[in-house]
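Spelled out from the first residue to the last, the chains are:
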Amino acid sequence: MDGEDPLPFADASFDLVIDRHESFRPEEVYRILKPGGRFITQQVGGKNDNDLSRRLIPGFQPQYPQYTLAHNRLLLERVGFTVEDGREVFSPIRFFDTGALVYFAKILPWEFPGFTVEDCWEQLCRIEKQRQRDGWIQGTEHRFLLRAIKK
C-alpha cells in the first residue's frame, strides 16, 4: 500500500491507528476509526535534509516542501479530526566522514535525487574541505508528530 489505496477495513473498525513514516489518507484513517478513536502519526517532514541536498545537488528542488506539521494538521481537521497535539522538530545530523554522507545520499534517492559521486564531485570536494576544517558536516532532520481524535 502506498497511502493512495482505500484501506482494506470496514468503517469504524479500530480504536487506534498508529503510523510512522508512511503516507496516509486522512479520510481513510477517519473512516476506519470508531468514534472517539485516536490517530497518532510521526512523519519525516518535507524539509528533511534539504540543506545537505542543496549543497550536493546543483539546482536541487525539494520534492515535498508543503509536507509540514501545519499542512498535515489542516488535512486532518478538514476531514473531522480534532488535533490534540502536534509537535515539530528540526534536529542536527552530523557526519564525521564524507564517505558516510555519500552512503547516506545514495540510500535516500528521494531526498538526494540524481546524486552520484561523479556528478557531485566538485561539491563533495568543497564539503570535504569544510569537514577537515570543522570536524564534521552538518545537516538538518525534520520530523513532526500529530495526535488526533475522531469525534
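Scroll up a little and you will see the structure.
Everything numeric here is computed off the predicted structure, so don't read it as measured data.

1. Focus on helix H3 (residues 69–78)
1) Next: Burial in H3 covers these residues: Leu-69, Asn-72 and Leu-76. For H3, the angular spread of the buried residues around the axis is 75°, confining them to a single face. Residues of H3 that are exposed and point over 90 degrees away from its buried face: Ala-70 and Arg-78.
2) Next: In this structure, the buried residues of H3 make contact with helix H1 (26–32), strand S2 (33–44), strand S3 (81–95) and strand S4 (137–150).
3) Next: Directly after H3, the chain includes Gly-80, whose backbone phi takes a positive value near 120°.

2. Some words on the side chain of Gln-42
1) Next: Looking at the secondary structure, you find Gln-42 in strand S2.
2) Next: Reaching out from Gln-42, the side chain makes a polar contact with the side chain of Arg-20 at a distance of 3.4 Å.
3) Next: For Gln-42, the contacting residues outside a window of four places in its chain are Asp-19, Arg-20, His-21, Arg-143, Phe-144 and Leu-145.

3. Remarks on the nonpolar core
1) Next: Core analysis: the largest hydrophobic core is formed by 17 residues, its most contacted members being Leu-52, Leu-56, Ile-57, Phe-95, Leu-101, Phe-112 and Phe-115.
2) Next: Only helix H2 (50–56), S3, helix H4 (98–107) and helix H5 (121–134) provide two or more residues apiece to this core.
3) Next: Examining the composition of this core, we find that 4 residues originate from one element, H4, more than from any other.
4) Next: Contact partners of Leu-56, with chain neighbours within four places excluded, come to Leu-101, Ala-105, Phe-112, Phe-115, Cys-120, Gln-123, Leu-124 and Ile-127.
5) Next: With 15 residues, the next largest nonpolar core counts Val-17, Val-29, Tyr-30 and Leu-76 among its residues.

4. Some points on the environment of Glu-28
1) Next: Mapped onto the secondary structure, Glu-28 falls in helix H1.
2) Next: For the pair Glu-28 and Pro-6, spaced 22 residues apart in sequence, the C-alpha to C-alpha distance is 6.5 Å.
3) Next: Within the local environment of Glu-28, its side chain forms a polar contact with the backbone nitrogen of Leu-7, the two atoms lying 2.7 Å apart.

5. A few points about unusual backbone geometry
1) Next: Phi is positive for Ala-12, which is not a glycine, with a value near 50°.
2) Next: Its place among the elements puts Ala-12 in the segment before strand S1 (14–20).
3) Next: Look at Asp-49: it is not a glycine, yet its phi comes out positive at around 60°.
4) Next: Following the sequence through the fold, Asp-49 ends up in the loop between S2 and H2.

6. Focus on the state of the cysteines
1) Next: Under the defined criterion, the tally for this structure stands at 0 disulfides.
2) Next: The thiol sulfur of Cys-120 is not disulfide-bonded, and the nearest other cysteine sulfur, from Cys-125, lies at 11 Å.

7. With respect to the side chain of Arg-131
1) Next: Relative to the helices and strands, Arg-131 resides in helix H5.
2) Next: According to the relative accessible area criterion, Arg-131 is buried, its value standing at 19%.
3) Next: Residues in contact with Arg-131, not counting those within four places in the same chain, are Phe-95, Phe-96, Asp-97, Thr-98, Trp-136 and Ile-137.

Basis of the calculations
Residues numbered from 1 in each chain as written. Predicted model: local features only at pLDDT ≥ 70, side-chain atom pairs only at ≥ 80, totals over all residues. Heavy atoms only, no water. Buried < 20%, exposed > 50% of the residue type's maximum accessible area, 1.4 Å probe, protein only. Helix = DSSP H or I, 4+ residues; strand = E, 2+ residues; numbered from the N terminus. Arc of directions from axis to C-beta. Contact = heavy atoms within 4.5 Å. Polar contact = N/O pair within 3.5 Å; in protein donor to acceptor, adjacent residues only side chain to side chain. Core = buried A, V, L, I, M, F, W, Y, C linked by side-chain atoms within 4.5 Å. Disulfide = S-S within 2.5 Å.

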